[in-house]
Amino acid sequence: MLSRHLLSILLLALAAADATAQYKWRDANGRTVYSDLPPPVSVAPSAVLDAPVRQAPAVATIGPGGSAQQAVAQDQPASVNKAAALTPADRELESRKRAADKAAAERKTAEAANRDRELAEQCAVARSNLAAADSGIRLVEFNSKGEREVLDDAQRAARADQARNVIKAACKS
């Protein structure tokens, strides 16, 4: 009875060793597909993530006019794992490209945040100017000589219109 269990465990282990030879690729929907069969012809070679590496035969048979190296080269699969095919220099270039892309994205995000902050500041100043123009209090400005001049009603209305235009452009709400 014990020998039957050992035999069945041994057979399962041998079957599992064959099951590890699998293909892995991304389909048209972006999902990862695992199979013991090669991907369909419609799958681009760049979408193949992993393919089993076939072992060279222990004894190479050489036909007339051929060499052992040609026989082994013919037995190798056409496409192998993309990551394994990259040289260290290629991996370094890809790493630098990813770092540059990440830095560019961060820079773009920071610029957008600065623009948003500047627009918020402009909006706050424009709202304050509009409130002052509409409040009815006396508004003054300094002329080129440094003297204070009180704004009349037309100048006050022009300042209020200018503030409303800035609010339309700078304020989101």
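Position labels on residues start from 1 in each chain and follow its written sequence. Local features in a predicted model are, by the rule used here, given only for residues with pLDDT of at least 70; side-chain atom pairs are given and counted only at 80 or more, and totals for whole chains, interfaces and linings are based on all residues. Here the side-chain values reflect all heavy atoms present in the structure, with hydrogen atoms and water set aside.

Let us look at the overall build of the protein. Check the secondary structure of the protein and you find 5 helices and 5 strands. Numbered from the N terminus, helices here are DSSP runs of H or I no shorter than four residues, and strands are runs of E no shorter than two. Reading the helices (α) and strands (β) of the protein from amino to carboxyl end gives α-β-β-β-α-α-α-β-β-α. Here's how the labels work: a residue is buried when its accessible area is under 20% of the maximum for its type, exposed when over 50%, partly exposed in between, all with a 1.4 Å probe on protein chains only. Each of the 173 residues in the protein was classed as buried or not, and the buried ones make up 12%. Contacts were defined at the residue level, with two residues in contact if any of their heavy atoms lie within 4.5 Å. Restricting the contact set of the protein to residue pairs at least 6 apart, pairs at least 24 apart contribute 36%. Accessible surface is estimated by sampling points in the Shrake-Rupley manner with a 1.4 Å probe; for residues, cover comes only from the protein chains shown. Accessible surface computed for the protein: about 13800 Å², of which carbon and sulfur atoms make up 57%.

Let us now look at the pairing of strand 1 (residues 23-26). The pairing criterion for strands is at least two bridges between them, as found by DSSP. Where strand 1 lies against strand 2 (residues 32-35), 4 bridges are found, and the strand directions are antiparallel. Residue Trp25 lies in a different strand from strand 2, and its bridge partner there is Val33. Hairpin connection from strand 1 to strand 2: 5 residues lie between these consecutive antiparallel strands, with Gly30 at a positive phi of about 90°. Relative to strand 3 (residues 48-50), strand 1 runs antiparallel, the two sharing 2 bridges. Directly across from Lys24, in strand 3, lies its bridge partner Asp50.

Let us now look at the pattern of salt bridges. Salt bridges are defined as contacts in which a side-chain nitrogen from Lys or Arg sits within 4 Å of a carboxyl oxygen from Asp or Glu. Summed over the entire model, instances satisfying the criterion amount to 8 salt bridges. One salt bridge connects Lys97 with Asp101, and the closest N-O pair in it is separated by 3.2 Å. Residue Lys97 and its partner Asp101 are both found in helix 4 (residues 88-135); the two are separated by 4 residues, about one turn of the helix. Note on Lys97: relative accessible area 54%, which makes it exposed. Given the relative accessible area of 44%, Asp101 is considered partly exposed.

For our purposes a nonpolar core is just a set of buried Ala, Val, Leu, Ile, Met, Phe, Trp, Tyr and Cys residues, chained together by side-chain atoms within 4.5 Å. Residues Cys123, Ala126, Leu130, Ala133, Leu139, Leu151, Ala160, Ala163, Ile167, Ala170 and Cys171 constitute the largest nonpolar core, which totals 11 residues. For Ile167, the residues in contact, after removing those within four places along its chain, are Ala126, Arg127 and Leu130.

Moving on, we come to the confidence of the model for the protein. The quantity called pLDDT is the predictor's confidence in a given residue, expressed from 0 to 100. Residue-level pLDDT values for the protein average 79, and 72% of them are 70 or greater. Taken element by element, the protein is modelled with least confidence in helix 2 (residues 68-75), mean pLDDT 51, and with most confidence in helix 4, mean pLDDT 92.

With respect to topology, 3 strands assemble into an open sheet ordered 2-1-3, the strand pairing being antiparallel. Unpaired on one side and paired on the other, strand 2 and strand 3 mark the two borders of the sheet. Ignoring which end each strand starts from, the neighbouring axes of this sheet average 30° apart. Inter-axis angles, ranging from 0 to 180 degrees, are taken between N-to-C directions of lines fitted to C-alpha atoms, where helices are fitted over the stretch in contact.

Turning our eyes to something else, we now look at the packing of helix 4 against helix 5 (residues 153-170). Interaxial distance between helix 4 and helix 5 falls to 8 Å at its minimum, and their mutual angle equals 150°. On the basis of the axis angle, helix 4 is roughly antiparallel to helix 5. Both helix 4 and helix 5 take part in a crossing whose hand is left-handed. Contacts between helix 4 and helix 5 involve Leu119, Gln122, Cys123, Ala126, Arg127, Asn129, Leu130, Ala132, Ala133 and Asp134 from the former and Arg156, Ala160, Ala163, Arg164, Val166, Ile167 and Ala170 from the latter. When describing relative orientation, an angle under 35 degrees is termed roughly parallel and one over 145 degrees roughly antiparallel, while 65 to 115 degrees is termed roughly perpendicular and anything else oblique. Left-handed describes a crossing whose near helix is turned anticlockwise from the far helix by less than a right angle; the clockwise case is right-handed.

Bringing helix 5 into the picture now. Here, expected helix span is obtained from the residue count minus one, scaled by 1.5 Å. With 18 residues, helix 5 ought to run about 26 Å at 1.5 Å a step, and its terminal C-alpha atoms sit 25 Å apart, in line with that. If you follow the buried residues of helix 5, they end up packed against helix 4.

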